[in-house]
Amino acid sequence: MKITCATVFLAAISGTQAFTAPRAMNAGRSSTSLSVKQTDLDGAQSMIEGILTEKNCAPVFVRLAWHDSGTHDVNISEEWPKAGGAIASIRFDPEINHGANAGLAGAVKLLEPVKEAFPDVSYADIYQMASARGIEMAGGPKIDMKYGRVDATSPDECSPEGNLPDAEAGDEGKFGGPGGTASTEDTAVEWHLRKVFYRMGLGDEEIVALSGAHTIGRAYADRSGLGAEKTKFTDGTPTKLADGSTTDKYTPGGSPWVEDWLVFDNSYFTTITDDSTDDELLKLTSDKILFQDSGFAPFAKKFADKDAFFESYAKAHKALSELGSKFEPVE
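For clarity, every value in this text was computed on a predicted model and none was experimentally measured. (Residues numbered from 1 in each chain as written. Predicted model: local features only at pLDDT ≥ 70, side-chain atom pairs only at ≥ 80, totals over all residues. Heavy atoms only, no water.)

J.: An account of the packing of helix α5 (residues 189-200) against helix α6 (residues 204-211) is needed here, citing residue identities and associated values.
T.: As a packed pair, α5 and α6 sit with axes 10 Å apart at the nearest point and diverge in direction by 105°. In this view, α5 runs roughly perpendicular relative to α6, as classed from their interaxial angle. Contact with α5, carried on its side by Leu193, Arg194, Phe197 and Tyr198, involves Asp204, Ile207 and Leu210 of α6 and no other residues of that element. A class-by-class count of the residues in the contact of α5 with α6 yields five nonpolar, no polar and two charged. (Axes fitted to C-alpha atoms, helices over the stretch in contact; angles between N-to-C directions. Helix = DSSP H or I, 4+ residues; strand = E, 2+ residues; numbered from the N terminus. Parallel < 35°, antiparallel > 145°, perpendicular 65-115°, else oblique. Contact = heavy atoms within 4.5 Å. Nonpolar A, V, L, I, M, F, W, Y, C, P; charged D, E, K, R; others polar.)

J.: How would you summarise the packing of aromatic side chains if you had to cite specific residues and measurements?
T.: Following the criterion strictly, the structure yields 14 aromatic pairs and no others. Ring centres of Tyr250 and Trp261 lie 4.9 Å apart, and the angle between their planes is 90°; on these two criteria the pair is classed as edge-to-face. A residue pair is termed long-range when its members are at least 10 positions apart, and Tyr250 in the loop between β5 (246-247) and β6 (255-256) and Trp261 in the loop between β6 and α7 (267-271) qualify at 11 residues. Residue Tyr250 shares its accessibility class with Trp261, and that shared class is buried. Geometrically, the ring pair formed by Phe269 and Phe303 is edge-to-face, given 5.3 Å between the ring centres and 65° between the ring planes. Here Phe303 lies in the loop between α9 (297-302) and α10 (306-321) and Phe269 lies in helix α7, a separation of 34 residues in the sequence. Residue class for Phe303 comes out buried when judged on its relative accessible area of 0%. Above the face of the Phe296 ring, Arg194 is positioned so that its terminal group lies 4.1 Å from the ring centre. Its guanidinium or amino end placed over the ring of Tyr220, Arg223 lies 4.2 Å from that ring's centre, counting from NZ or CZ. (Phe/Tyr/Trp six-rings, centres within 6.5 Å; stacked < 30°, edge-to-face > 60°. Buried < 20%, exposed > 50% of the residue type's maximum accessible area, 1.4 Å probe, protein only. Lys NZ or Arg CZ within 6 Å of the ring centre and 35° of its normal.)

J.: Tell me about the side chain of Glu136, residues and numbers included.
T.: Tracing the chain through its elements places Glu136 in helix α4 (residues 123-137). Since its relative accessible area comes to 13%, Glu136 is described here as buried. At 2.9 Å, the side chain of Glu136 and the backbone nitrogen of Ile143 are in polar contact. (Polar contact = N/O pair within 3.5 Å; in protein donor to acceptor, adjacent residues only side chain to side chain.)

J.: Now, about the pattern of salt bridges: what can you tell me, with residues and values included?
T.: Taken as a whole and assessed by the stated rule, the structure comprises 13 salt bridges. For Lys318, the salt bridge identified is with Glu322, shortest N-O distance 2.6 Å. Taken individually, Lys318 and Glu322 each receive the classification buried, so the pair is uniform in this respect. Because the salt bridges share partners, they merge into one network encompassing Glu49, Arg133 and Glu136. (Salt bridge = Lys/Arg side-chain N within 4 Å of Asp/Glu carboxyl O.)

J.: Describe the environment of Thr277, naming the residues involved and giving the relevant values.
T.: Tracing the chain through its elements places Thr277 in the loop between α7 and α8 (285-288). Take Thr277: its relative accessible area is 17%, and that puts it in the buried class. Residues in contact with Thr277, not counting those within four places in the same chain, are Thr271 and Lys283. A polar atom in the side chain of Thr277 sits 2.7 Å from the side chain of Lys283.

J.: How would you sum up the packing of helix α1 (residues 38-55) against α4? Please name residues and give values.
T.: The N-to-C vectors of α1 and α4 enclose an angle of 55°; their axes lie 10 Å apart at closest approach. The orientation of α1 with respect to α4, classified from their angle, is oblique. As α1 packs across α4, the resulting crossing turns out to be right-handed. Residues Leu41, Ala44, Gln45, Ile48, Glu49, Leu52 and Thr53 of α1 lie in contact with α4, whose contacting residues are Asp125, Ile126, Met129, Ala130, Arg133, Gly134 and Met137. Residue composition of the contact of α1 with α4, by class: eight nonpolar, three polar and three charged. (Left-handed = near helix turned anticlockwise from the far one by under 90°.)

J.: Tell me about helix α3 (residues 105-117), residues and numbers included.
T.: The principal kink in α3, of about 35°, is found at Leu111, preceding the proline Pro113 by one to four residues. The set of residues buried in α3 consists of Ala107, Val108, Leu111, Val114 and Lys115. (Bend = angle between axes of the 7 residues up to and from the residue.)

J.: Account for unusual backbone geometry, with residues named and values stated.
T.: A cis amide bond, omega 10°, links Trp80 with the succeeding residue Pro81. Along the chain, Pro81 turns up in the loop between α2 (58-69) and α3. Cis geometry is found at the peptide bond from Asp93 to Pro94, where omega equals 25°. The residue Asn56 is not glycine, and still its phi comes out positive at about 50°. Following the sequence through the fold, Asn56 ends up in the loop between α1 and α2.

J.: Quick one: what's the story with the confidence of the model for the chain, residue by residue and with numbers?
T.: Confidence in the prediction of the chain, expressed as mean pLDDT, is 90, and 89% of residues score 70 or more. Scored below 50 in pLDDT, residues 6-34 shows 102 contacts in the model against residues more than four places distant or in partner chains. (pLDDT = per-residue confidence, 0-100.)

Encoded structure:
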């Protein structure tokens, strides 16, 4: 059985020596512009904040947005939206039913009332806004988001299955596969990850920074093929929130990477290498390699400093949220 990553992802060119150099994290980023009225965006954000507060669902909103944008292929030069990305094609079948997207139909449904209340705000903006606000409200960094995305309009604009990363190897000892827009298959997890993320136009620093978002959320066996039915941290007992309070308002189940899995901080980078941590916390092959590979390790070690992690993460999240997006001008 193929095991897929619960939250993060990247891109490929055939062969490890064929990679083109990814662009710098903040190179070519455009300034903020809006495709709708600011009052509509503010209203949508307020509704999203209410959902996040009521449901404690930041992790699944992050996963939804990332799995939408993470299909992008910088090597496709055909007319938009052929290259995929943050275009909200994930709301359509067949993409929403891709194996890596198991469980995300519920996140789409949770955000549908926002679209109904503010129809001029695109689905793509709503998904990316929910992800960014989820990170921020969980204690993470402020993300300089840009809005005004144009939506995909039909299932014909969905990306092919196979563009997202694996956390563990399949039965044949390989990560990834020949599907998607380009093969991500490799026996080495570090090169599988690079094939995924380089295809998106992202680099090693972004791979490591985005992996740090595993500081929130859980893996479920029925979604990613990973995780226990429940752990002592996810059994319905109270868990910590960013403001220091606790909550039991969450659906029990799954396995987290860190103990306080609703708080966004840098604990992922201090937990993975700590042999004294609880055995019920996840430490996957795709996690461990970040501290072993010569290209990844300097960033993983650097991010043991929270400020350094937050600075890099905010840039990486913004970059990911804009992949493949087409922005309309200000009204």
